[in-house]
Amino acid sequence: MSERQPSAERPRGAQKPQRRASGGGRAWLRHHRAMMSDSALRLVKRPIATLLTMLAIAIALILPAGLWLALDSARLLDAELDDSATLTVYFAADVGESRAMDLAAEVGEQPGVAGTRLVTAAEGLADFQQTLGVDDALSQLETNPLPASVVVTPDATAPAEVQALSQRLQALDGVDEVRLDLAWLDRLQQLAALGQRVALALALLFGLGVLLVVGNTIRLAVESRRQEIEVVTLIGATHAFVRRPFLYSGAWYGLGGGALSLIILVLGGNWLASPVAALAESYGAHFALPSLGIGHSAFLLLFSTLLGWLGAWLAVGRHLADIKPR
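Reading the values: the criteria
Counting restarts for each chain: residues are numbered from 1 in the order of the written sequence. It should be noted that, the model being predicted, local features are given only for residues of pLDDT at least 70 and side-chain atom pairs only at 80 or more, the latter also being counted only at that level, while totals for whole chains, interfaces and linings use all residues. Computation of side-chain values covers all heavy atoms of the structure but excludes hydrogens and water. Each helix is a run of H or I in the DSSP string that is no shorter than four residues. Each strand is a run of E no shorter than two, and both are numbered from the N terminus. Note on exposure labels: buried denotes an accessible area under 20% of the residue type's maximum, exposed denotes more than 50%, and partly exposed covers the range between, all computed with a 1.4 Å probe on protein chains only. Surface accessibility in these figures is a Shrake-Rupley result with a 1.4 Å probe; residues are shielded only by whichever protein chains are displayed. Only strands that DSSP links by at least two bridges are regarded as paired with each other. Where helices are involved, their axes are fitted lines through C-alpha atoms of the stretch in contact, as for all axes, and angles between N-to-C directions lie from 0 to 180°. Two residues qualify as a contact provided that any one of their heavy atoms is within 4.5 Å of a heavy atom in the partner residue. The aromatic pairing rule takes the rings of Phe, Tyr and Trp, using the six-membered ring of Trp, and pairs them if the centres are within 6.5 Å, calling planes under 30 degrees apart stacked, those over 60 edge-to-face and the rest tilted. Side-chain atoms alone can form a polar contact between residues adjacent in sequence; in general such a contact is a pair of N or O atoms within 3.5 Å, and within protein one must be able to donate a hydrogen while the other accepts it. What counts as a salt bridge is simple: a side-chain nitrogen of Lys or Arg found within 4 Å of a carboxyl oxygen of Asp or Glu. Nonpolar side chains (Val, Leu, Ile, Met, Phe, Trp, Tyr) within 5 Å and like charges within 9 Å form the patches, drawn only from residues with over 30% relative accessible area and no salt bridge. All tallies of charge rest on Lys and Arg as positive and Asp and Glu as negative; His and the ends of each chain are not included. Working definition for charges: the position is that of NZ of Lys, CZ of Arg, CG of Asp or CD of Glu. To estimate how far a helix should extend, the number of its residues minus one is multiplied by 1.5 Å. In this description, a nonpolar core means a group of buried Ala, Val, Leu, Ile, Met, Phe, Trp, Tyr and Cys residues linked to one another through side-chain atoms lying within 4.5 Å.

**Q** Break down the overall build of the chain for me, with residues and values.
**A** Along the chain, the regular secondary structure elements total 10 helices and four strands. Helices (α) and strands (β) of the chain occur, in sequence order from the N terminus, as α-α-β-α-β-α-α-β-α-β-α-α-α-α. A total of 326 residues make up the chain; the buried ones form 32% of that total. Surface summary for the chain: the accessible area is close to 20,700 Å², and the carbon and sulfur share equals 62%.

**Q** How would you sum up the sheet that holds strand β2 (residues 113-119)? Please name residues and give values.
**A** In space, the four strands of this open sheet follow the order β2-β3-β1-β4, with antiparallel pairing throughout. Looking at the sheet topology across the chains shown, the edges are occupied by β2 and β4 (175-179). With direction set aside, neighbouring strand axes in the sheet form an average angle of 20°. Along the sheet face, helix α3 (residues 97-108) touches β1 (87-91), β2 and β3 (149-154) and points at about 165° away from the line of β2.

**Q** I'd like to hear about the packing of aromatic side chains, residue by residue, with values.
**A** In this description, an aromatic ring pair is defined by two values, namely the gap between the centres and the angle between the planes. By the definition in use, this model includes one aromatic pair. Each ring, one from F299 and one from F303, has its centre 6.1 Å from the other, and the planes form 15°; the classification is stacked. Of this pair, F299 and F303 are both found in helix α10 (residues 293-320), four residues apart, which corresponds to roughly one turn of the helix. According to the relative accessible area criterion, F299 is exposed, its value standing at 56%.

**Q** Give a description of the side chain of Q110 that names residues and reports values.
**A** For Q110, the location among the structural elements is in the loop between α3 and β2. Looking at Q110, the relative accessible area reads 18%, which means it is buried. Among the polar contacts made by the side chain of Q110, one reaches the main-chain carbonyl oxygen of E106 at a distance of 3.5 Å. Residues in contact with Q110, not counting those within four places in the same chain, are L169 and L172.

**Q** Which residues make up the pattern of salt bridges, and what values do they have?
**A** Tallying each qualifying case throughout the model produces one salt bridge. A salt bridge links D38 to R42; its shortest N-O distance comes to 3.0 Å. Here D38 pairs with R42, and both are found in helix α1 (residues 12-45), just four residues apart, close to one helical turn. Note on D38: relative accessible area 25%, which makes it partly exposed.

**Q** Tell me what's going on with the side chain of T217, and back it up with residues and numbers.
**A** Checked against the element boundaries, T217 lands in helix α7 (residues 183-224). Residues within four places of T217 in sequence aside, it is in contact with T53 and Y253.

**Q** Kindly report on a nonpolar patch on the surface, identifying the contributing residues and their values.
**A** On the surface, a nonpolar cluster with roughly 370 Å² of combined accessible area is contributed by W309, L310, W313 and L314. On the accessibility criterion, W309 (38% relative accessible area) is partly exposed.

**Q** Go over the environment of A70 with me, naming the residues and quoting the values.
**A** Mapping A70 onto the fold places it in helix α2 (residues 47-84). Separated by 220 residues in the primary sequence, A70 and P290 place their C-alpha atoms 8.3 Å from one another.

**Q** So what's going on with a negative patch on the surface? Residues and values would help.
**A** Among the surface-exposed residues, D102, E106, E109 and D173 lie close enough to one another that they form a single negatively charged patch. Tracing the backbone through its elements, the reader meets D173 in the loop between α6 (159-170) and β4.

**Q** Give a description of α10 that names residues and reports values.
**A** Helical geometry note: an α-helix holds 3.6 residues per turn, so side chains three or four residues apart project in the same direction. End to end, α10 covers 40 Å across 28 residues, agreeing with the expected 40 Å (1.5 Å per residue, within 8%). Inspection of α10 places S297, L300, S304, T305, L307, G308, G311, A312, A315, V316, H319 and L320 among the buried residues, and these make up the whole buried set.

**Q** An account of the nonpolar core is needed here, citing residue identities and associated values.
**A** Nonpolar side chains in soluble globular proteins tend to be buried together. Counting residues in each nonpolar core, the largest one holds 27 residues, and the members touching the most others are V210, V214, I218 and Y253. Looking at this core, the elements that each hand over two or more residues are α2, α7, α9 (239-282) and α10. With seven residues, the top contributor of residues to this core is α2. Filtering out sequence-adjacent residues up to four positions away, Y253 remains in contact with L43, R46, T50, T53, M54, I57, V214, T217 and I218. L87, V113, L172 and V178 belong to the second largest nonpolar core, which has 19 residues in total.

As structure tokens, this is what we get:
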């Protein structure tokens with residue numbers, strides 16, 4: 001009788017940890033979903049207190065977001081002014097019309113020149129008469145005192161590059177004067193840089209304010225559930241388990257505050273759109289207030305949610321260390 005060969009054992013030990021791991025992962029996800037919905041229900045049950053907290057967060061977010069929109073408006077205005085940034089090259093008085101056309105072509109070939117427009121002496125005198133309304137007085141002149149000129153649009157509007165272009169054009173034969181005004185451009189760029197720093201400082205300052213608002217609210221929630229926390233800690237709950245519902249509460253606060261800030265910004269923009277458009281039209285321009293758009297709105301919501309989560313994490317981490325089971 002042949003000996004019975006031992007059968008190969010099934011790798012049961014390798015399957016059990018896999019089931020445990022998958023089951024643990026599903027339990028972890030179920031607990032996250034449960035804490036997310038439970039924290040939202042707790043906020044809904046206290047609508048007035050929840051709305052006031054979210055409104056405080058929204059006000060803290062509106063100021064830096066509004067300043068950022070103002071900087072966007074300044075950038076749009078800066079782009080329009082950059083398009084209108086020009087140099088005027090005045091030719092010598094003895095330069096005739098044919099020579100002026102040759103000089104205009106030579107100016108257009110210079111590096112850094114995006115475009116040119118020749119203004120003959122006759123055109124310059126006609127524009128001058130139309131602007132000042134002195135047709136009768138200038139008609140008495142025997143000769144035209146105005147020289148021909150070229151209006152130059154530079155490639156770049158940085159003050160240093162425009163100044164270098166002006167010096168090159170001044171060196172051309174037949175050019176009497178190159179006139180430009182860089183003061184307004186330099187001031188505008190300095191104001192834009194200052195505005196960016198102020199917006200960043202306000203974002204940091206009011207971001208800290210959001211952390212304090214959420215942290216104080218979560219601290220009160222932790223104190224109100226102190227006995228519950230002590231009980232679950234006694235039966236072996238970890239700090240991560242205890243912290244989880246409060247983190248979701250902070251995230252809900254941040255998300256709600258961000259949504260309220262977007263609503264207020266949209267309503268405020270619609271309220272100011274008409275007078276701003278009327279003011280721009282009075283100056284012969286077309287200007288509309290910019291909006292955050294989908295990308296910036298999503299960033300604001302994400303930023304506010306992360307601030308709420310971080311504020312809750314800091315508050316819970318601090319107070320969990322003081323809560324000990326008795």
